[in-house]
Amino acid sequence: MPFSAEIDIDSKTMCYGNILWRRKCQLGDEVLLLVEPSYSRGDWGFSMKIISKGRKCLFLPGVIVGPYNKAISRARNLAKMIQKCAPFVRIEESKYWKILA
């Protein structure tokens, strides 16, 4: 089932989920986009979570890309594109990228 996440900048809310379930979370003044690595059957990927007011909301579920270098490169490129659209979002890479490198 397709996953979607929508951020309404004016009302500072995020709605995410799929056809069967939807969640809504209120965003605070400080919004962090956490980029985390994921691994499955020899291939690497990444996921993204929005953290605001101490609450984690899934922004992008795990996407498997391939080799480690390709996964981290694509994750960083996507994070840069998101920050261009929403400059108030602070981007942070998970500490696990550094441990796994």
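Procedures and definitions
Residues numbered from 1 in each chain as written. Predicted model: local features only at pLDDT ≥ 70, side-chain atom pairs only at ≥ 80, totals over all residues. Heavy atoms only, no water. Core = buried A, V, L, I, M, F, W, Y, C linked by side-chain atoms within 4.5 Å. Buried < 20%, exposed > 50% of the residue type's maximum accessible area, 1.4 Å probe, protein only. Helix = DSSP H or I, 4+ residues; strand = E, 2+ residues; numbered from the N terminus. Disulfide = S-S within 2.5 Å.

Visitor: Which parts of the structure should I look at to understand the nonpolar core?
Guide: Across soluble globular proteins, you tend to see nonpolar side chains buried next to one another. Judged by nonpolar contacts, the single largest core of 23 residues is most densely connected at Met14, Leu33, Met48, Ile50, Phe59 and Trp97. Only β2 (13–17), β4 (31–40), β5 (43–52), β6 (55–66) and α1 (68–85) provide two or more residues apiece to this core. The element best represented in this core is α1, accounting for six residues.

Visitor: Looking at this model, I keep getting lost on the state of the cysteines. Mind explaining?
Guide: What is meant by a disulfide is a covalent connection between two cysteines, made through their sulfur atoms. All told, the structure shown has one disulfide when counted by the stated rule. Cysteine 25 shares a disulfide with cysteine 57; S-S distance 2.4 Å. One end of the pair, cysteine 25, is in strand β3 (residues 22–26); the other, cysteine 57, is in strand β6, and 32 residues separate them in sequence. Exposure class is identical for cysteine 25 and cysteine 57. Each is buried. Looking at the unpaired cysteine 15, the closest cysteine sulfur is the one in cysteine 25, lying at 8.8 Å. Given a relative accessible area of 23%, cysteine 15 falls into the partly exposed group. Free cysteine: cysteine 85, not disulfide-bonded; nearest cysteine sulfur from cysteine 25 at 18 Å. By relative accessible area, which is 66% here, cysteine 85 ends up exposed.

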